[in-house]
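Survey of secondary and tertiary structure
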Amino acid sequence: MNRGTEFPDPGEHGRRVASMFNRISPWYDLLNHTLSLGLDFYWRKKLLQTVRLQTSGRVLDLAAGTMDVSRQLQKQGRCSGILAMDFSRPMLEKGRKKIDPDHVLPLAADARDIPLPEASVDCVTIAFGIRNILPREKAYAEILRILTPGGRLCILEFGSSRQKIWGGIYNLYLQRILPGIGRLVSRDRSAYGYLAETIREFPTAEDLKKELLESGFRRAEHRSLTSGIVCLHIADK
Ligand SMILES: C[S@@+](CC[C@H](N)C(=O)[O-])C[C@H]1O[C@@H](n2cnc3c(N)ncnc32)[C@H](O)[C@@H]1O
């Protein structure tokens, strides 16, 4: 892992988010796979299908967490290099066993201040991470800077959940059942309530598309998965 000097102060919101992921890192994978009923594997597989490589062959997996996306990228064997970046060191540590260090380089850094040179990666993936980053525009500006011309940003994120899904069963699950189970297993009082809250507050797919275009991406589109529970957003530089 990048053991370099400390990265810049992530600010109040960033500190809260990082400390929450530091706390839940031991439980993250277990809760992730069980609370999504295993669907997260399918969703990440769909994300990987949108990855596009060009000149450098390098991919940055941003907000990589315990590196499930990085591992899948490694398995595909298409990339010349994979960087797994997250500002929670415990999350990266937890995922360390999943990756081959000859192919994946974990890096502790903030998505709003990416320590990479301009035009150095062909593609950036971010699975269930963008929702936690504020302001998102700072991350978009950094992503645009480090992408090669024509490079691609592939976002996998929950839908905003403002509309009823499966007759409201999903909404009930998200707001009541999931935070309860999360609290019970991780013993963290707030983390899984935070999950439901940020999903509710996240922009709709159309609003996110507008945001990406206004931030400077040339083209953006989205595809909903599993009745809109999650959404793939693809934006090209
Ligand atoms: C819900 S987890 C997703 C992890 C992984 N991508 C996955 O698919 O399971 C969100 C991750 O985003 C990271 N994160 C949130 N804000 C960040 C930021 N500003 N810079 C870097 N990482 C950030 C958190 O530390 C956490 O590991």
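The sections below set out a description of the structure shown in this document. (Residues numbered from 1 in each chain as written. Predicted model: local features only at pLDDT ≥ 70, side-chain atom pairs only at ≥ 80, totals over all residues. Heavy atoms only, no water.)

1. Considering the sheet that holds strand S2 (residues 81-86)
Which entries qualify depends on this criterion: Here the rule is simple: two strands pair whenever DSSP picks up at least two bridges between them. By definition, any uninterrupted DSSP run of H or I lasting at least four residues is a helix, any uninterrupted run of E lasting at least two residues is a strand, and each is numbered from the N terminus. Every axis in this analysis is a line fitted to C-alpha atoms, fitted for helices over the stretch in contact. Angles between the N-to-C directions lie between 0 and 180 degrees. For this analysis, residues touch if any pair of their heavy atoms sits within 4.5 Å.
Reading across from one edge, S3-S2-S1-S4-S5-S7-S6 is the order of the seven strands in this open sheet, with mixed pairing throughout. Of all the strands in the sheet, the pair left with one neighbour each is strand S3 (104-108) and strand S6 (219-225). The sheet shows a mean angle of 15 degrees between the axes of neighbouring strands, taken without regard to direction. Where S2 meets S3, five bridges bridge the pair, whose relative direction is parallel. Its bridge partner being in S3, isoleucine 82 is matched across the sheet by valine 104. Across the sheet, helix H3 (residues 39-49) lies against strand S4 (121-127), strand S5 (147-158), S6 and strand S7 (230-236), angled at about 165 degrees from S5, the strand it touches most.

2. Brief notes about the packing of helix H2 (residues 28-35) against H3
Defined as follows: When an angle is under 35 degrees it counts as roughly parallel; over 145 it counts as roughly antiparallel; between 65 and 115 it counts as roughly perpendicular; any other value is oblique. All residues other than Ala, Val, Leu, Ile, Met, Phe, Trp, Tyr, Cys, Pro, Asp, Glu, Lys and Arg, Gly among them, are scored as polar; the first ten of these are nonpolar and the last four charged.
Close contact between H2 and H3 brings their axes to 6 Å; oriented N to C, the two are set at 90 degrees. If you check the angle between H2 and H3, you find them roughly perpendicular. Each of Tyr28, Asn32 and His33 in H2 lies in contact with H3, whose residues at this interface are Asp40, Phe41 and Arg44. Residue classes in the contact of H2 with H3 are distributed as two nonpolar, two polar and two charged.

3. Points about the environment of glutamine 49
Just so we agree on the cut-off: Only protein chains enter the accessibility calculation, which uses a 1.4 Å probe. A residue is then buried if its area is under 20% of the maximum for its type, exposed if over 50%, and partly exposed in between.
Of note, glutamine 49 is situated in helix H3. With relative accessibility at 52%, the residue glutamine 49 sits in the exposed group. A sequence separation of 13 residues divides glutamine 49 from leucine 62, and the C-alpha atoms of the two residues are 17 Å apart.

4. Here we look at the side chain of histidine 233
Mapped onto the secondary structure, histidine 233 falls in strand S7. When neighbours within four sequence positions are excluded, histidine 233 is seen to be in contact with Leu153, Cys154, Ile155, Ala205, Leu208, Leu212, Glu221 and His222.

5. Some points on the site of the ligand
The line we're drawing: For this purpose, a residue is taken to be near a molecule or strand whenever a single non-hydrogen atom of the residue falls within 4 Å of it. N or O atoms closer than or at 3.5 Å make up a polar contact, with two conditions inside protein: a donor-capable atom paired with an acceptor-capable one, and, for residues adjacent in sequence, both atoms drawn from side chains. Values of accessible area rely on a 1.4 Å probe in the Shrake-Rupley scheme; residue burial ignores everything except the protein chains shown.
In the vicinity of the ligand there are 20 residues, among which Tyr28, Ala63, Asp86, Ala111 and Ala127 approach most closely. One of the side-chain N or O atoms of tyrosine 28 is found 2.7 Å from an oxygen atom in the ligand. One of the backbone N or O atoms of phenylalanine 87 is found 3.3 Å from a nitrogen atom in the ligand. When isolated, the ligand has an accessible area of 600 Å², and the protein chains bury 98% of it. Those elements giving two or more residues to the shell around the ligand turn out to be helix H1 (11-24) and H2. Split by residue class, the shell around the ligand holds 12 nonpolar, four polar and four charged.

6. Topic: the environment of serine 70
Structurally, serine 70 is set in helix H4 (residues 68-76). With a relative accessible area of 0%, serine 70 lands in the buried category. A C-alpha to C-alpha distance of 9.7 Å links serine 70 and glycine 95, two positions 25 residues apart in sequence. With near-sequence residues (within four places) excluded, serine 70 lies in contact with Asp61, Ala64, Ile82, Ala84, Ile99 and Val104. Within the local environment of serine 70, its side chain forms a polar contact with the side chain of aspartate 61, the two groups lying 2.7 Å apart.

7. What to know about the state of the cysteines
In a disulfide, the sulfur atoms of two cysteines are held together by a covalent bond. In plain terms, the rule: Counting rule for disulfides: a pair of cysteine sulfur atoms within 2.5 Å.
Overall, the coordinates contain zero disulfides when judged by the stated rule. Between cysteine 123, a free cysteine, and cysteine 154, which holds the nearest cysteine sulfur, the sulfur-to-sulfur gap is 3.7 Å.

8. Topic: helix H6 (residues 136-146)
Of all the positions in H6, only Arg136, Ala139, Tyr140, Glu142, Ile143, Leu144 and Ile146 are classed as buried. Each element contacted by the buried residues of H6 is listed here: strand S1 (58-62), S4, S5 and helix H9 (205-214).

9. Some points on the pairing of S3
Applied cut-off: Crossover handedness is defined by viewing with both strands directed away from the observer: a clockwise path from the first strand over the helix to the second marks the crossover as right-handed.
Burial analysis of S3 places four of its five residues in the buried class, which makes it a mostly covered element. Handedness of the crossover joining S2 and S3 through helix H5 (residues 89-95) is recorded here as right-handed.

10. Structural notes on the nonpolar core
Going by this rule: Here, nonpolar core refers to any group of buried Ala, Val, Leu, Ile, Met, Phe, Trp, Tyr and Cys residues whose side-chain atoms link them within 4.5 Å.
The biggest cluster of nonpolar side chains holds 35 residues, and the ones touching the most others in it are Trp43, Leu73, Leu156, Phe158 and Val230. Discounting residues that sit within four places of it in the chain, valine 230 has contacts with Trp43, Phe128, Leu156, Glu157, Phe158, Gly159, Ser224 and Leu225.

11. A few points about the pairing of S6
Strand direction decides the pairing type here: S6 and S7, joined by seven bridges, are antiparallel. Pairing of arginine 219 across the sheet is with aspartate 236, part of S7. Two successive antiparallel strands, S6 and S7, enclose a turn made up of four residues, where threonine 226 displays a positive phi of approximately 50 degrees.

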